[in-house]
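Topology and contacts: notes
Listed here are the chains, written in short residue letters.
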Amino acid sequence: MRSGVVAQKVGMTRVFTEAGEHVPVTVLRLAQCQVVGHRSKDKNGYVALQLGAGARRAGNMSKADRGYFAKANIEPKRKLAEFRVSDDAMIPVGAEITADHFVAGQFVDVCGISIGKGFAGGMKRWNFAGLRASHGVSVSHRSIGGTGGRQDPGRTFKNKKMPGHLGVDRVTTLNLRVVSTDVERGLLLIEGAVPGAKGGWITVRDAVKKALPKEAPKPGKFKLAESAAKPDAKSDAAPAEAAPAETSTKPEGA
């Protein structure tokens, strides 16, 4: 089981196939999606990866949050999410997951927060039919009608479908197809609609009800952080700088 990614919704567009058919797609952008921490079975009771995405100002964070990211040697992130993975699918802390983590043609499950609609009536919220639109109904055409509370039971049952707040719910859409990926710009083009507003944060994972393609990279496609590569570069450069110094001092002593 591989890790998913945290992406930001850019908007919708369309792409054309070789046959001339247009496919509506949602564009998701990977905003420096990095591995922030590990969850181990010995310490936490389960195996997972904590990912972070998006830049965040350190001045708007608490001291504890700043210390958490400083310990991992990672810039503060705006959005954090966890993904359950198998033991052989762990990715090093600080690694940045790229767009080619997913391959074209595979199916994914996306999850986001739906757009808020405010207070809505029963017809808009629950698709009620409403009352008669002809004579006999006076200025109450869109009311929900009776709610079933008579002398017995004498009350309206809990969770009755009634007018109320609509939207801002966690929505998961299954089995959306990845049309293409852009590694340089960090873009994912997914066929169909993705829940959430423009600029919202979306989690993308391998489809649970579809088989993973054989060409999908395991444990994933990522690049190591620059901070992890700097110490190695210094260690390689130090002997190179010391070697000329030793050779240059020998002729002087001679």
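Right, let's walk through the structure included here. Just so it is clear, the model here is predicted, and its values are computed rather than measured.

Comments concerning the overall build of the chain
Helix and strand content of the chain: 3 helices and 13 strands. Looking at the chain as a whole, 32% of its 254 residues qualify as buried. When contacts within the chain are restricted to residue pairs at least 6 apart in sequence, those whose partners lie at least 24 apart make up 72%.

Concerning unusual backbone geometry
Both trends apply: most residues other than glycine have a negative phi, and most peptide bonds are in trans. Cis rather than trans, the peptide bond between aspartate 152 and proline 153 has omega equal to 15°. Proline 219 follows lysine 218 through a cis peptide bond whose omega is 0°. Phi is positive for asparagine 159, which is not a glycine, with a value near 65°. Relative to the elements of secondary structure, asparagine 159 occurs in the loop between α2 (122-126) and β9 (164-166). On the basis of relative accessibility, which here comes to 73%, the residue asparagine 159 falls in the exposed class. The phi dihedral of valine 168 falls on the positive side, at around 55°, and the residue is not glycine. One can find valine 168 in the loop between β9 and β10 (170-182). For valine 168, a relative accessible area of 48% puts it in the partly exposed group.

A short note on the sheet that holds β10
What the 6 strands build is a closed barrel, ordered β1-β2-β11-β10-β7-β12; its pairing is antiparallel. Taken over all neighbouring pairs, the strand axes of this sheet differ in orientation by 50° on average, direction set aside. Here β10 runs beside strand β11 (residues 187-191); their pairing, made up of 4 bridges, is antiparallel. Looking across to β11, one finds that valine 178 is bridged to isoleucine 190.

The rules behind the values
- Residues numbered from 1 in each chain as written.
- Predicted model: local features only at pLDDT ≥ 70, side-chain atom pairs only at ≥ 80, totals over all residues.
- Heavy atoms only, no water.
- Helix = DSSP H or I, 4+ residues; strand = E, 2+ residues; numbered from the N terminus.
- Buried < 20%, exposed > 50% of the residue type's maximum accessible area, 1.4 Å probe, protein only.
- Contact = heavy atoms within 4.5 Å.
- Pairing = 2+ DSSP bridges.
- Axes fitted to C-alpha atoms, helices over the stretch in contact; angles between N-to-C directions.

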